[in-house]
Amino acid sequence: MSEQIPHSFTAQDALVAIMFAESASDENIGTPELLTIERIVNHLPIFANYDADRLRTVSQTVLDLFSEEDGLDALFGLVKDALPEALFETAYALACDVAASDGRLKEGELRMLAEIRYELNIDRLHGAAIERGARARHMVVATDMD
């Protein structure tokens, strides 16, 4: 593992890492996804005392891990070590919000969501409810341009 990869995350770092992992899962980190992550970190109470300067460090850690053979396993190890089980569904909800933020889900994003569900042991029905909520929050009203 690279020397730059930290050996531990805070719970907030773990949530940010999950969001960045979801964003990077399709090999294209889009502006809507980055804006969603920034909005979440700036507005959710769980990030009230979070040092936003850590976003760059955590995102680089995720990218570094993605470039390694067992990097995804290492990422989930860091996340599960830092994140209390009570926040597993929160992590999944944040990942779903990031995935839904650009209005379309690509194959890589769907695979990452499935991996997050598996690794964080998210119940199938709870996962479906979280996914539906994310879709509803990111729905765009079609306008008639005639």
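Only a predicted model underlies this, so the values are computations on that prediction, with no experimental measurement involved.

**Comments concerning the packing of helix H1 (residues 11-24) against helix H4 (residues 71-82)**
Helix packing for two helices is described by the angle between their axes and how far apart those axes are.
So, step 1. Running from N to C, H1 and H4 cross one another at 145 degrees; their axes reach a closest spacing of 8 Å. Our pair here, H1 against H4, has a crossing hand that is left-handed. For the pair H1 and H4, contact is made by Ala-11, Ala-14, Ala-17, Ile-18 and Ala-21 and by Leu-75, Phe-76, Val-79 and Ala-82, respectively.
So, step 2. Split into classes, the residues belonging to the contact of H1 with H4 amount to nine nonpolar, no polar and no charged.

**Some points on the confidence of the model for the protein**
So, step 1. Residue-level pLDDT values for the protein average 86, and 90% of them are 70 or greater.
So, step 2. Ranking the elements of the protein by mean pLDDT puts helix H7 (residues 124-137) last with 84 and H1 first with 95.

**Quick notes on helix H2 (residues 31-43)**
So, step 1. In a regular helix each residue adds 1.5 Å, so 13 residues correspond to 18 Å; H2 covers 18 Å between its end C-alpha atoms and thus fits that length.
So, step 2. Within H2, the full set of buried residues consists of Glu-33, Thr-36, Ile-37, Ile-40 and Val-41. Projected down its long axis, H2 shows its buried positions confined to an angular sector of 125 degrees, all on one face. In H2, the exposed positions angled more than 90 degrees off the buried face are occupied by Thr-31 and His-43.
So, step 3. Residues of H2 that are buried make contact with H1, helix H3 (54-66), helix H5 (88-100) and helix H6 (107-119).

**Some points on the packing of aromatic side chains**
So, step 1. Inspection of every chain in the model, using the stated rule, returns one aromatic pair.
So, step 2. Note on Phe-47 and Tyr-50: the rings are 5.7 Å apart at their centroids and 70 degrees apart in plane angle, and the pair reads as edge-to-face.
So, step 3. Note on Phe-47: relative accessible area 2%, which makes it buried.

**Remarks on the nonpolar core**
So, step 1. The biggest cluster of nonpolar side chains holds 43 residues, and the ones touching the most others in it are Val-16, Met-19 and Phe-47.
So, step 2. Elements that contribute at least two residues to this core include exactly H1, H2, H3, H4, H5, H6 and H7.
So, step 3. Those residues within four positions of Val-16 in sequence are excluded, and the remaining contacts are Val-41, Phe-47, Tyr-50, Leu-55 and Val-58.

**Regarding the environment of Ile-46**
So, step 1. Within the secondary structure, Ile-46 sits in the loop between H2 and H3.
So, step 2. You can call Ile-46 partly exposed: its relative accessible area is 29%.
So, step 3. As a C-alpha pair, Ile-46 and Leu-87 span 41 residues in sequence and 10.0 Å in three-dimensional space.
So, step 4. Those residues within four positions of Ile-46 in sequence are excluded, and the remaining contacts are Gln-12, Leu-15 and Leu-87.

**Concerning the side chain of Glu-33**
So, step 1. You can see Glu-33 is positioned in helix H2.
So, step 2. Lys-106 provides the closest opposite charge to the buried, unpaired Glu-33, separated from it by 6.2 Å.
So, step 3. Reaching out from Glu-33, the side chain makes a polar contact with the backbone nitrogen of Gly-30 at a distance of 2.8 Å.
So, step 4. Beyond its immediate sequence surroundings of up to four residues, Glu-33 is in contact with Ser-23, Asp-26, Asn-28, Val-98, Ser-101, Asp-102 and Glu-109.

Reading guide: rules and limits
- All residue numbers refer to position in the chain's written sequence, counted from 1.
- With the structure being a predicted model, the display of local features is reserved for residues of pLDDT at least 70 and the display and counting of side-chain atom pairs for 80 or more, all residues being used for whole-chain, interface and lining totals.
- Only hydrogens and water are set aside; all other atoms, that is, all heavy atoms of the structure, feed into the side-chain values.
- All axes here are fitted lines through C-alpha atoms, helices being fitted over the stretch that makes contact, and every angle between N-to-C directions spans 0 to 180 degrees.
- The helix and strand labels rest on DSSP assignments: H or I over at least four residues marks a helix, E over at least two residues marks a strand, and numbering proceeds from the N terminus.
- We call a crossing left-handed when the near helix sits turned anticlockwise from the far one by less than a right angle, and right-handed when that turn is clockwise.
- Contacts are assigned to residue pairs that have any heavy atoms within 4.5 Å of one another.
- When residues are grouped by polarity, Ala, Val, Leu, Ile, Met, Phe, Trp, Tyr, Cys and Pro land in nonpolar, Asp, Glu, Lys and Arg in charged, and all others, Gly among them, in polar.
- Along the chain, pLDDT gives the predictor's confidence residue by residue, from 0 to 100.
- The span expected for a helix works out to 1.5 Å for each residue beyond the first.
- Each residue is placed in one exposure class: buried if its accessible area under a 1.4 Å probe, protein chains only, is under 20% of its type's maximum, exposed if it is over 50%, and partly exposed if it falls in between.
- Along the arc lie the directions from the helix axis toward the C-beta atoms.
- In summary, the pairing rule links any two rings of Phe, Tyr or Trp, Trp by its six-membered ring, whose centres are within 6.5 Å, and it sorts them by plane angle into stacked for under 30 degrees, edge-to-face for over 60 and tilted for everything else.
- By nonpolar core we mean a set of buried residues, namely Ala, Val, Leu, Ile, Met, Phe, Trp, Tyr and Cys, connected to one another through side-chain atoms within 4.5 Å.
- Charged residues are defined here as Lys and Arg on the positive side and Asp and Glu on the negative side; His and the ends of the chain fall outside this count.
- A pair is scored as a salt bridge if a Lys or Arg side-chain nitrogen falls within 4 Å of a carboxyl oxygen belonging to Asp or Glu.
- Two N or O atoms form a polar contact when they lie within 3.5 Å of each other; inside protein one atom must be a possible hydrogen donor and the other a possible acceptor, and for residues adjacent in sequence the pair counts only when both atoms belong to side chains.

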